[in-house]
Amino acid sequence: MPKGEINMAQIAVMSVDGSVKKIDRDSEEGLQALRKLASLLLKDSLHQEFKGIRLGESVADEDGFHVDSDKDDQQVSADELSALQDALLAKAKDAKVEFVEADLDDALAEVKDDPYSSELIKEAAKDGKVAMYQVGDVKAVADGDIMVYGDAIKHLKLLSVAGAYWKGMSSNPMLQRVYGTVFFSKDALDEDMKKRQEAREHDHRVIGNQLDLFFVDPKVGAGLPYWMPKGATIRRTIERYIIDREVADGYEHVYTPVLMNLDAYKTSGHWEHYRDDMFPPMDMGDGEMLEIRPMNCPSHIQIYKHHIRSYRDLPMRIAELGMMHRYEKSGALSGLQRVREMTLNDGHTFVAVDQIRDEFAKILNLIMDVYKDFDITDYSFRLSLRDPKNKEKYYGNDEMWDESQKLLKAAMDDLNLDYYEAEGEAAFYGPKLDIQTKTALGNDETMSTIQLDFMQPDRFGLSYVGKDGKEHMPVMIHRGIVGTMERFVAYLTEIYKGAFPTWLAPEQVHIIPVSDEKHGDYAKQLADKMKAAQIRVVVDDRNEKMGYKIREAQTQKVPYTLVVGDDEVKDNAVSVRKYGEEAQNSMSQDAFMNEILADIASYSRKN
RNA sequence: GCCGACUUAGCUUAGCUGGUAGAGCAUCUGUCUUGUAAACAGAAGGUCGGAGGUUCGACUCCUCUAGUCGGCACCA
């Protein structure tokens, strides 16, 4: 039995005060302590393999662990990972963590050529002392529990190197980050590797290519996606759905120009606070400056302002599938997830202050209903607040922010929903509730959002006539339900792994005549009947073997494949094969029509 | 934007230390006329991301540039 394990089920773990306790190996804490030790062993290995290397943070998190480092001559390269991994595993066998309570001056003297370690030590020091874990030749600030013995580290893999800013600030130098993962058992490691592989198979960029949904061609512009017919069909289906939903919910859908006089964006505050993300204005040569819009709010404000509004008009809900352009940094672009041209399922509700809570709840209800229709279940609520240390990034005064943030929290508490707060994530004009989802590769992204805005109504001088006959200022609630069409389709592609539910599938039915000559007419008549019922159907009458066509229907993830031959023609029937199933089911045409129409009508719901 | 890796036919890709490119799928043309995951044969398709440079000679080495990917930063 390895000495690191008290018994098979427990490990010794040291805490930041140097005390040692036994905890369950198969607990979250156990895994965390394992990763923490792995990160320090990696530090020690880097220190050994690369003379004069400076060491940044070593972090254990839910994905594994990573260590930042910096070296003058050459960077740690991906080719060196396996050597580094061997060194680490060799060290692990006899590794034992020692607790050191060092004098600050002594600790600093030891790392005098390493500004990163020095800074970490200084930050952690208390009363001239600093608590550290020593692993091999490396001492690191004690932060979090750590497994004491290294002999349990056998199933470890260094995964990749990447750049990362020191302290996460882009104004700081960039260090090299080595990522790794480690588990107590080979099975767990294998499973983790499989999960990472599986995640890549869900990637919308891979599937988008396989299913011919969209493309981005650098020759015609990075971040400017082209929607192929199949992708366009998915998008159009969602657009029709969401417009109908919103109209039913009291929204008035509009169309507004993608170009607008730059002055409007000066008034809105975008020019001041959002310019870096905007395309440069077009100088028309006669004094007019046009801007391609990065957001739709100023456009909808024009709709509001076009008439005198009364309290009777409120809440006034303006919505649009608004195309916008943002100059995203080249390194941020990614398939349909981050693009430079996007169409937002945008909406702006103009309300009186006392209507905020009800409207907020109404919007959130709409979002939750829509999520059910799309079977979106994995999300979290993020209350995005102003960064109190960085107020110049935002428009407005403390009072407005305090009030709107308080209102938003109260609205969330009313609804009794779990949420977490994130400072610095607010829009420049106000706080927001973001609904966060994860991409296939595990990156966090905002899907839906509800934002409070006291600023733009003020800056644009919006008003309505109250019961008292006097002018009042409305509040704007910005909201996106399915977010941008680009990101939403990317997300759905990933969660469905390209196997779109029937209502969204670009091709819902493939009809395969056994012999085109003998059964082609029957197939085409059947297809016409389905088309008349708005079903998206393709008769595969190419000169190919049946098996070939079946295979293609499966690889293209078509929900229903119908084979029609002598038997079917005789009985006015179809042989039905569903995507992902091998079983075939023979039924009458009418029975099939009923089945597929019911399927389509149920959206993606799993009832 | 930053760090690193990568970029060969529509797609997926082979091409060791320099001697001007091969394959599978898709496409087209024939033959075959098909009962639940790939019929057979032939043809066509590449200025090896772009621009410079080194060299007798560059897909291969160097520089610059664009894009993609993994991260970071930023964000719907």
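For the structure, see preceding data.
**Student:** Which residues make up the pattern of salt bridges, and what values go with them?
**Tutor:** Per the stated rule, a full pass over the model turns up 42 salt bridges. For the salt bridge of Asp-145 with Lys-21, the shortest nitrogen-to-oxygen distance reads 3.4 Å. Residue Asp-145 is found in the loop between strand S8 (138-141) and strand S9 (146-147), and its partner Lys-21 is found in strand S3 (residues 20-24); the two are separated by 124 residues along the sequence. Exposure remark for Asp-145: the relative accessible area of 28% places this residue in the partly exposed category. Judged by relative accessible area, which is 38%, Lys-21 ranks as partly exposed. The salt bridge involving Asp-249 is made with Lys-362; its shortest N-O contact spans 3.7 Å. Linking Asp-249 in the loop between helix H7 (229-248) and strand S14 (252-253) with Lys-362 in helix H11 (residues 356-374), this pair joins segments that are 113 residues apart in sequence. One network of salt bridges, in which partners are shared, links Arg-245, Asp-369, Asp-373 and Arg-605.

**Student:** An account of the sheet that holds strand S27 (residues 509-513) is requested, with residue identities and associated values reported.
**Tutor:** Strand-to-strand pairing in sheets goes through backbone hydrogen bonds, with the strands running parallel or antiparallel. The strand order across the open sheet built from 5 strands is S28-S27-S29-S30-S31, with neighbouring strands paired in mixed fashion. Among the strands making up the open sheet, the edge pair consists of strand S28 (537-539) and strand S31 (584-588). Taking the axes of each pair of neighbouring strands and ignoring which way they run, one obtains an average angle of 25 degrees across the sheet. Sheet topology note: the strand S30 (residues 573-578)/S31 ladder contains 5 bridges and is antiparallel. By the bridge assignment for S31, Ala-573 is matched with Ser-588.

**Student:** Mind laying out the sheet that holds strand S10 (residues 155-165), listing which residues take part and the relevant values?
**Tutor:** Read across the open sheet, the 4 strands follow the order S4-S5-S11-S10; overall the sheet is antiparallel. Bordering the open sheet on either side are strand S4 (54-61) and S10, each of which pairs with just one other strand. Adjacent strand axes in the sheet meet at a mean angle of 20 degrees when their direction is disregarded. Running at roughly 55 degrees to S4, helix H4 (residues 115-124) makes contact with S4, strand S5 (64-70) and strand S11 (174-183) of the sheet.

**Student:** Could you give an account of the protein's contact with RNA strand B, with specific residues and numbers?
**Tutor:** Around RNA strand B, 50 residues are found, and the nearest of them are Tyr-165, Gln-176, Thr-446, Asn-543 and Ser-575. Of everything in RNA strand B that lies within 4 Å of the protein, sugar and phosphate atoms constitute 48%. Within the side chain of Gln-176, an N or O atom sits 2.4 Å from a sugar or linking oxygen of RNA strand B. Val-339 places a polar main-chain atom, nitrogen or oxygen, 2.8 Å from a base nitrogen of RNA strand B.

Calculation criteria
- Residues numbered from 1 in each chain as written.
- Chains lettered and ligands numbered in written order.
- Predicted model: local features only at pLDDT ≥ 70, side-chain atom pairs only at ≥ 80, totals over all residues.
- Heavy atoms only, no water.
- Salt bridge = Lys/Arg side-chain N within 4 Å of Asp/Glu carboxyl O.
- Helix = DSSP H or I, 4+ residues; strand = E, 2+ residues; numbered from the N terminus.
- Buried < 20%, exposed > 50% of the residue type's maximum accessible area, 1.4 Å probe, protein only.
- Pairing = 2+ DSSP bridges.
- Axes fitted to C-alpha atoms, helices over the stretch in contact; angles between N-to-C directions.
- Contact = heavy atoms within 4.5 Å.
- Near = heavy atom within 4 Å.
- Polar contact = N/O pair within 3.5 Å; in protein donor to acceptor, adjacent residues only side chain to side chain.

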